[in-house]
Amino acid sequence: MAAQGQTVVPSDTELLQAQADLWRHSLYYLTPMALRCAVELSIPTAIHHLGGAASPTDLITALSLPSAKLPFLRRLLRLLGAAGIFTVDKSSGEWRYCINPVSYLLLDGIPDEVHINHTSFVLTATSSRYIDAAMGLADWFKKDVVTPPFEELHGATLFHESMESLDTDFHNMANEALQAHDNFGIPIALREFRDLFKGIQSVTYCCGAASGDDEFARALVKAFPHIKCTVLANPKMISNKPADGVINYVEGDMFDFIPPAQTVVLKLDIYDLQSLSRL
């Protein structure tokens, strides 16, 4: 048994595997970059319009891409197929790439209340603002600062007005991504967990400060029309909402006051223990 702290010399087999692992870890970034490329080219939607399955040749035509790019498109699709973004049909001469549950979330124009397009999430997570912050991580560790790397680099906070002032397009895209994440699965949850709302007559929904939308509340009153629903939100959000009488909007902060109801719903509101301690 080796002494504690002593470096163990790997075997030849272990070294060969270690080299393969290093290659794999070092090239992982190619997958999200390939996914971003597919989203920007609208490849998932193009496949959907072609009947749910398409070959690289089909996509060259459908997307009006230069024919010289066909070999490179094949490589891109093979990588995405291996990553599980598409299902691969190898039964014909030229492989065909099919929409699966993952790529289904990247489709435009799906008339299904359960479907929420996640392209904004992909584009936000693979944006240069995120990547630049990651590229400078070593330098960040050397600095005597505790500000998160993203904020340290850009001088702005994600989902905050400071980010909107710096880059409005990115701010809007990031908030769209947040809402896609925040609201995804609401109809499914309300359908699968209907019993949780048996006997409930009133609900107060506390909107998250970042997302600030009322999709959950609207889905709730649609599924359970008898429930009296109150939404507690910031003034900026309330000013844009119609006074249709379906939902009662109250301006305020959940850490100061929560309108009384039988049930209070929190969704992505508790961000850290410091916030929790204010309750």
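1. A look at the overall build of the protein
- Scanning the protein from N- to C-terminus turns up 16 helices and 7 strands.
- Taken across its 279 residues, the protein has 35% of its residues classed as buried.
- Partitioning the contacts of the protein with sequence separation of at least 6, the portion at a separation of at least 24 is 55%.
- For the protein, the exposed area adds up to about 17100 Å²; of that, 58% sits on carbon and sulfur atoms.

2. Details of the pattern of salt bridges
- In the structure shown here, the tally under the stated rule is 7 salt bridges.
- In this structure, the salt-bridge partner of Arg-24 is Asp-21, at a minimum N-O distance of 2.9 Å. With Arg-24 and Asp-21 both in helix α1 (residues 12-26), this residue pair falls 3 residues apart, about one helical turn.
- According to the relative accessible area criterion, Arg-24 is partly exposed, its value standing at 38%.

3. Focus on a nonpolar patch on the surface
- A grouping of Leu-22, Trp-23, Leu-27, Tyr-29, Leu-30, Met-33, Tyr-130, Ile-131 and Met-135 is seen on the molecular surface, where their side chains present a nonpolar patch of about 920 Å² in accessible area.
- Counting residues per element, the ones that place at least two in the nonpolar patch are α1, α2 (30-40) and α8 (128-135).
- Looking at which element gives the most residues to the nonpolar patch, the answer is α8, with 3 residues.

4. Details of the sheet that holds strand β1 (residues 53-54)
- Reading across from one edge, β1-β3-β2 is the order of the 3 strands in this open sheet, with antiparallel pairing throughout. Of all strands in the sheet, those with a lone pairing partner are β1 and β2 (86-89), marking the two edges.
- Sheet analysis places β2 next to strand β3 (residues 96-99), joined by 4 bridges and oriented antiparallel. When the bridges of β3 are listed, Val-88 appears paired with Tyr-97.

5. As for the confidence of the model for the protein
- The share of residues in the protein with pLDDT of 70 or more is 90%, and the mean pLDDT across the chain is 88.
- Confidence drops under pLDDT 50 across residues 270-279; counting only partners more than four residues distant or on other chains, this segment forms 12 contacts.

6. Some details on the sheet that holds strand β7 (residues 263-266)
- With parallel pairing, 4 strands are arranged side by side in an open sheet as β6-β5-β4-β7. Either end of the sheet is taken by a strand with one partner, and the two such strands are β6 (247-251) and β7. Each strand of the sheet is rotated relative to its neighbour by a mean of 25°, with strand direction disregarded.
- For strand β4 (residues 202-206) and β7, the ladder comprises 4 bridges, and the chain directions are parallel. Paired with Tyr-205 across the strands is Val-265, a residue of β7.

7. Observations regarding the packing of aromatic side chains
- All told, the structure shown has 5 aromatic pairs when counted by the stated rule.
- An angle of 50° between the planes, with centres 5.6 Å apart, marks the rings of Tyr-130 and Phe-150 as tilted. Taken together, the positions of Tyr-130 in helix α8 and Phe-150 in helix α10 (residues 149-154) put the pair 20 residues apart, joining distant regions of the chain.
- The buried category is assigned to Phe-150, whose relative accessible area is 12%.
- Every member of this aromatic cluster is reached through a ring pair, and the members are Tyr-130, Phe-150 and Phe-170.

What counts as what
Along each chain, numbering runs from 1 in the same order as the chain's sequence is written. Restriction of local features to residues with pLDDT of at least 70 applies here, the model being predicted, together with a cutoff of 80 or more for giving and counting side-chain atom pairs; totals for whole chains, interfaces and linings are based on all residues. Calculated side-chain values reflect all of the structure's heavy atoms, with hydrogen atoms and water omitted. Here a strand is any run of E in DSSP of at least two residues, a helix any run of H or I of at least four, and the numbering for each starts at the N terminus. For every residue, the accessible area obtained with a 1.4 Å probe (protein chains only) is divided by the maximum for its type, and the residue is called buried under 20%, exposed over 50%, and partly exposed between those limits. Residues count as neighbours in contact if any of their non-hydrogen atoms are within 4.5 Å of one another. Only the protein chains shown count as cover for residues, and all accessible areas are computed by the Shrake-Rupley method using a 1.4 Å probe. The salt bridge definition used is simple: a Lys or Arg side-chain nitrogen within 4 Å of an Asp or Glu carboxyl oxygen. Exposure above 30% relative accessible area and no salt bridge define the residues that can form patches, which grow by joining like charges within 9 Å and nonpolar side chains of Val, Leu, Ile, Met, Phe, Trp and Tyr within 5 Å. Any two strands between which DSSP finds at least two bridges are classified as paired. Values of pLDDT, which run from 0 to 100, indicate the predictor's confidence residue by residue. Axis lines are fitted to C-alpha atoms, over the contacting stretch for helices. Their N-to-C directions set the angle, which ranges from 0 to 180 degrees. In this scheme Phe, Tyr and Trp rings, the latter by its six-membered ring, pair at centre separations within 6.5 Å, and the angle between planes marks the pair as stacked below 30 degrees, edge-to-face above 60, and tilted otherwise.

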